[in-house]
Amino acid sequence: MMITGGTFWLLCIIAGVAMPQSQISRAETAPSYAGVGCYKDFIPRAMNRLANFRKPSDSPLDWNDLEKSVVKKCAQKAMQTGYNFFGVQFFGECYGGAGQYDKYGPSTNCVWLSGAYVGKHWANYVYMLTGNECMNFTKLTGSKRSRRYKYNNPSERPLCDTFPYESWLHTWYRFDGASGKAMANTCVEYDHCKK
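Below, the structure is looked at part by part. Since the model is a prediction, treat every value here as computed from it, not as a measurement. (Residues numbered from 1 in each chain as written. Predicted model: local features only at pLDDT ≥ 70, side-chain atom pairs only at ≥ 80, totals over all residues. Heavy atoms only, no water.)

## With respect to the overall build of the protein chain
Next up, step 1: Check the secondary structure of the protein chain and you find 1 helix and 11 strands.
Next up, step 2: For the protein chain, with 195 residues in total, the buried portion stands at 37%.
Next up, step 3: Intrachain contacts of the protein chain at a sequence separation of at least 6 include 74% that bridge at least 24 residues.
Next up, step 4: Only carbon and sulfur atoms are counted for the fraction: they give 55% of the accessible area of the protein chain, which is about 11200 Å². (Helix = DSSP H or I, 4+ residues; strand = E, 2+ residues; numbered from the N terminus. Buried < 20%, exposed > 50% of the residue type's maximum accessible area, 1.4 Å probe, protein only. Contact = heavy atoms within 4.5 Å. Areas by Shrake-Rupley, 256 points an atom, 1.4 Å probe, with all protein chains shown as cover.)

## Focus: helix α1 (residues 66-81)
Next up, step 1: Given a rise of 1.5 Å per residue, 16 residues ought to cover 22 Å, and the 21 Å separating the end C-alpha atoms of α1 matches this to within 8%.
Next up, step 2: Buried within α1 are the following residues: Leu66, Ser69, Val70, Val71, Cys74, Ala75 and Ala78. (Expected span 1.5 Å × (residues − 1).)

## Notes on the state of the cysteines
Formally, a disulfide is one covalent bond, and it connects the sulfur atom of one cysteine to the sulfur atom of another.
Next up, step 1: Under the counting rule described, the total for this entry stands at 2 disulfides.
Next up, step 2: Disulfide pairing is shown between cysteine 74 and cysteine 94; the S-S distance is 2.0 Å. Around the S-S axis, the bridge from cysteine 74 to cysteine 94 shows a dihedral of about 85° and counts as right-handed. Taken as a pair, cysteine 74 in helix α1 and cysteine 94 in strand β5 (residues 93-97) lie far apart in primary sequence, 20 residues in all.
Next up, step 3: Residue classification places cysteine 74 among the buried positions, given a relative accessible area of 0%.
Next up, step 4: Given the relative accessible area of 0%, cysteine 94 is considered buried. (Disulfide = S-S within 2.5 Å.)

## Quick look at a nonpolar patch on the surface
Next up, step 1: Where nonpolar side chains cluster on the molecular surface, the patch consists of Phe42, Ile43 and Trp122 and spans about 320 Å² of accessible area.
Next up, step 2: Mapped onto the fold, isoleucine 43 is located in the loop between β2 (32-40) and β3 (48-52).
Next up, step 3: You can call isoleucine 43 exposed: its relative accessible area is 55%. (Patch = residues over 30% accessible without salt bridge, like charges linked within 9 Å, V, L, I, M, F, W, Y side chains within 5 Å. Salt bridge = Lys/Arg side-chain N within 4 Å of Asp/Glu carboxyl O.)

## Some thoughts on the pattern of salt bridges
One side chain can pair with another of opposite charge once the charged atoms of both are near each other.
Next up, step 1: The final tally for this structure, using the stated rule, is 3 salt bridges.
Next up, step 2: The partner of aspartate 41 in a salt bridge is arginine 45, with the nearest N and O atoms 3.1 Å apart.
Next up, step 3: With relative accessibility at 4%, the residue aspartate 41 sits in the buried group.
Next up, step 4: Residue classification places arginine 45 among the partly exposed residues on the basis of a relative accessible area of 29%.
Next up, step 5: With its nearest N and O atoms 3.2 Å apart, the salt bridge here joins arginine 54 to glutamate 93. With a gap of 39 residues between them, arginine 54 in the loop between β3 and α1 and glutamate 93 in strand β5 connect regions that are remote in the sequence.
Next up, step 6: The network of salt bridges with shared partners includes Arg49, Arg54 and Glu93.

## So, the sheet that holds β2
Next up, step 1: Across the sheet, which stays open at both edges, the 5 strands sit in the order β2-β8-β4-β5-β3 with antiparallel pairing between neighbours. Only two strands of the sheet have a single partner each, and these edge strands are β2 and β3. The sheet shows a mean angle of 30° between the axes of neighbouring strands, taken without regard to direction.
Next up, step 2: Taken together, the 4 bridges between β3 and β5 define a ladder with antiparallel strand orientation. Directly across from asparagine 48, in β5, lies its bridge partner glycine 96. (Pairing = 2+ DSSP bridges. Axes fitted to C-alpha atoms, helices over the stretch in contact; angles between N-to-C directions.)

## Things to note about unusual backbone geometry
For residues other than glycine, phi is negative in most cases, and the peptide bonds are mostly trans.
Next up, step 1: Proline 44 follows isoleucine 43 through a cis peptide bond whose omega is -5°.
Next up, step 2: Of note, proline 44 is situated in the loop between β2 and β3.
Next up, step 3: One non-glycine residue, phenylalanine 91, adopts positive backbone phi at about 70°.
Next up, step 4: Relative to the elements of secondary structure, phenylalanine 91 occurs in the loop between β4 (85-89) and β5.
Next up, step 5: Phenylalanine 91 gets classed as buried once you look at its relative accessible area, which sits at 18%.
Next up, step 6: Positive phi values are uncommon outside glycine, yet serine 114 reaches one of about 50°.

Here it is, written out as structure tokens:
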């Protein structure tokens, strides 16, 4: 699926406001985050282990305030490591990654406990760092990603309306250059580029 139209804006949602790229500044050091959902984990791990807050050596957790003693500290570790996503598993284990947190599918093994969502055994409650999308993104610049690209060769693979899910990271993307410079606001029909 490809999305087209509008004027060029780099979408940055901070307190529900979209702003032009020229008005975006670096976020403060305290990371902000939003919940993504509950996902299964397995070996090999979907994300990398960053800390275990159940161990006193990694800063002990406070069972009365898991948001402060686990989730916020895990967000800080993820930001320091450069990850966009982090998850809390087994009440105090902190994991982080650029994407692929959902490689084993959704889980129902997460709970709201002491002010935060956390995963139980073999489940990550995943959060996404916010604010980072305005500064760290991958540019998609090829002309084949434009809805105006005409395919002359029937064996050519269209890129403007397909999404190779398995090979893409869950991160932020921006269309630029020959692919166009428009803020997404409408969808193009599937297989549009082949017509």
